[in-house]
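# Examining the three-dimensional arrangement
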Amino acid sequence: MSTPFYVSPQQAMADRAEYARKGIARGRSLVVMQYADGIVFVGENPSRALHKFSEIYDRIGFAAAGKYNEYENLRIGGVRYADLRGYTYDRDDVTARGLANVYAQTLGTIFSSAGEKPYEVELVVAEVGSSPEGDQIYRLPHDGSIVDEHGSVAVGGNAEQISSFLDQRHRDGMSLAEALKLAVQALSRDTNGGEREIPAERLEVAVLDRTRPQQRKFKRIVGRQLSRLLGAADAASAPTEAPSDEEAPDDEK
Amino acid sequence: MEANPRSTGRLPAAFLTPGSSSFMDFLGGHSPDLLPGKRVLPPVQGVIEAPHGTTIVAVSFPGGVVLAGDRRATMGNMIAQRDIEKVFPADEYSAVGIAGTAGLAVEMVKLFQLELEHFEKVEGAQLSLEGKANRLSTMIRGNLGMAMQGLAVVPIFAGWDVDREKGRIFSYDVTGGRSEEQGYAATGSGSIFARGSMKKLYREDLTEEQSLTLVIQALYDAADEDSATGGPDVGRRIYPIVTVITDEGFRKLTEAESSEIAHAVLERRREQPDGPRASLL
C-alpha cells in the first residue's frame, strides 16, 4: 500500500480554483447592467436556442458564463426552488437574495467537497425593484462566494477588463439604448486592447423591465426591437425610445 | 430534512436532477404532500359543505375567444360570497374559468398557472394549446377522489391557439374528460340556462364587442333562472368578470368596461325582461 502524497489544503484549493477559473475563461463574457427602467443582460451568443440569460421568477433573472450543462443544471434548480417557494408561501416571498444564498451554498459545497469536480461557472442573479434603488445584482463566482454588485457587472473570461471599462463609463439613469451601447462596446474590446465588431444576430439581450405591466418582468429583446435600439444608440445624440411590447415579438411566442 | 423549502442550505439533489419540465411531476417526486390530488381523505358521511362557484360561459369569435363568469359563491341555500373571481389567466394566451368547489378550484388554478409557467421557463417555449388543455385534464382526474365526495371542480379552458391562429374552447367533466366546444360553452349550475341563451344569440361572425355583450346576456339569463348564479349587482357595483384572449394575448375588462355592457343589457331588459328575441324560423 503506497502512502498518498501530501497536498496542503491551500494548494488543493488553489488548484481547484485555477481549474474552475480556466474553464470559465474559455466561455465568452457577459454584462449585466442597471438602466433607468430596470436591468439589462447583454452577451455574445451565436446560439438562438441555448440561452445565457433566463427568467427565474417574476422579478428575478439569471445569467451565467462557463460550462453550459453545469449552469443549465443550476438554472433549472433555481426555477424549481423559486416555483416551489412561491407555491408554498407567496410570490412575494421569492427573492434574489434567497436564491443567491442557495446558489452560493450549492456552489460552495461542490467547490470544497473533495469528491466532486468544481463547477466551471460564474453566475449573476438579478432582481429588479420598483425603483432603481430596489434593484439587486449578485455575482456568484465558482467557489460559492457572493458579491453584491451595483451599477454594472461582468462575468466570464475577460471579466476584469470589461468591469473596469464599465465602471468608468456606467452612470445611473442611462436609457436602455445607451446601456446597450456601452455593454456592446465593452464586450467588443479584445484582451489586447483592440476592437472587433459583434453583429446584432450574435448578441443575446434580455431585460428585467420594471415598467412592464405584467407580473413577470423578464423579456428577451430580439429582432426588430434589438436593431432599433442598436440603431438608436448609434445615432448618439438622437433621443432614445423606451422599448415597447408590441414592436418586438417575444421569442417564446 | 432535504424537502424543507425554507432551508437556505445547498439545493437538494432532486432540484439538480435532470428530468421532467413539469412542476407537478417535480412536486410529486419531491414533496407529494403539496399536491392536491395526493391528499388522503378521511371517510366522510354525506356531502361536505363548502362554497360553490356557479356559472362560467365562453364564446369564440373570428379574432379570439371570450370567457366570463358571474360573481356569486353559494353554500347550500346561502350566498357565501358576492364578489368571488372565477375566471383567471392561465398564461399569456389562455384563461380558465372554474365552477364547483371554490377552494379546490382556486388551488387547482394556481397549480395550473404554475405548471404552464414552469414549463415555459424550463423549456424556453410555451406548451401548445392542446398540451395545456390536456394538462388541465390530468389535474381534474387527480381530483376525482374528492369529486366523488361532492367536491367537484369543473372548469372551462379557453385560449388563443398561436399555431392554428384561432380561439378555442375546451370543457371538462369531473372525470377529466375533455371536449372541444364549437362556438360557445358553459359550465356550472346556471349553465343550462346560459347555454340556451347563447344557442339563440350566437352567430359565427360575431365581433369582439358583440361577443362581450353575448356573454353578459347569457349570464343574465342564467342568473334569472338559477338562484346560485348572481346577476350584475348594481347596488354594490359588482359586475361579471369578463376576459378576452386574442392574438395580442389575455386581457381582462376593467370594471368600467364590464359595467357599461352590463348597464346596457340591464337597460334593455327593463323594456324586455326576457331579452332579445330570435326569429321563429
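Per an unreviewed UniProt entry, chain B goes by Proteasome subunit beta and derives from Streptomyces spongiicola. What the UniProt record of chain B gives under Catalytic activity (unreviewed entry) is the line "Cleavage of peptide bonds with very broad specificity."

As recorded by an unreviewed UniProt entry, chain A carries the name Proteasome subunit alpha and is attributed to Streptomyces spongiicola. Chain A has a UniProt comment under Pathway (unreviewed entry) that states "Protein degradation; proteasomal Pup-dependent pathway." As its UniProt record puts it under Subcellular location (unreviewed entry), chain A is described as follows: "Cytoplasm".

All right, on to the sheet that holds strand S12 (residues 241-246) of chain B then. Residues and elements named next belong to chain B. Overall, antiparallel pairing links the five strands, which are arranged S11-S2-S3-S12-S13 in an open sheet. In this open sheet, the two edge strands, each paired with only one partner strand, are strand S11 (184-187) and strand S13 (249-252). The sheet shows a mean angle of 15° between the axes of neighbouring strands, taken without regard to direction. Of the strand pairs in this sheet, strand S2 (residues 56-61) and S11 are connected by four bridges, and their pairing is antiparallel. Across the sheet, Ala58 pairs through a bridge with Ala185, a residue of S11. Its contacts with the sheet place helix H6 (residues 191-201) against S2 and S11, and it is angled at close to 165° to S11.

Right, let's get into the pattern of salt bridges. Residue and element names in this part refer to chain A. Taken as a whole, this structure holds 37 salt bridges over all chains when the rule is applied. The residue Glu72 makes a salt bridge to Arg75 at a minimum N-O spacing of 2.9 Å. Placement of the pair is Glu72 and Arg75 together in helix H2 (residues 68-88), with a separation of three residues, close to one helical turn. Using a relative accessible area of 16% as the deciding quantity, one classes Glu72 as buried.

Our next topic: the environment of Arg75 of chain A. Overall, Arg75 of chain A belongs to the buried group, its relative accessible area being 7%. Each C-alpha atom, one on Arg75 of chain A and one on Ile56 of chain A, is 7.6 Å from the other, the two residues being 19 residues apart in sequence. The residues contacting Arg75 of chain A, other than those within four sequence positions of it, are Ser54, Ile56, Phe62 and Tyr103 of chain A together with Lys121 and Val122 of chain B. A distance of 2.9 Å separates the side chain of Arg75 of chain A from the side chain of Glu72 of chain A, its partner in a polar contact.

Reading guide: rules and limits
- Residues numbered from 1 in each chain as written.
- Chains lettered and ligands numbered in written order.
- Predicted model: local features only at pLDDT ≥ 70, side-chain atom pairs only at ≥ 80, totals over all residues.
- Heavy atoms only, no water.
- UniProt positions renumbered as here; feature names shortened; annotations may be inferred.
- Pairing = 2+ DSSP bridges.
- Helix = DSSP H or I, 4+ residues; strand = E, 2+ residues; numbered from the N terminus.
- Axes fitted to C-alpha atoms, helices over the stretch in contact; angles between N-to-C directions.
- Contact = heavy atoms within 4.5 Å.
- Salt bridge = Lys/Arg side-chain N within 4 Å of Asp/Glu carboxyl O.
- Buried < 20%, exposed > 50% of the residue type's maximum accessible area, 1.4 Å probe, protein only.
- Polar contact = N/O pair within 3.5 Å; in protein donor to acceptor, adjacent residues only side chain to side chain.

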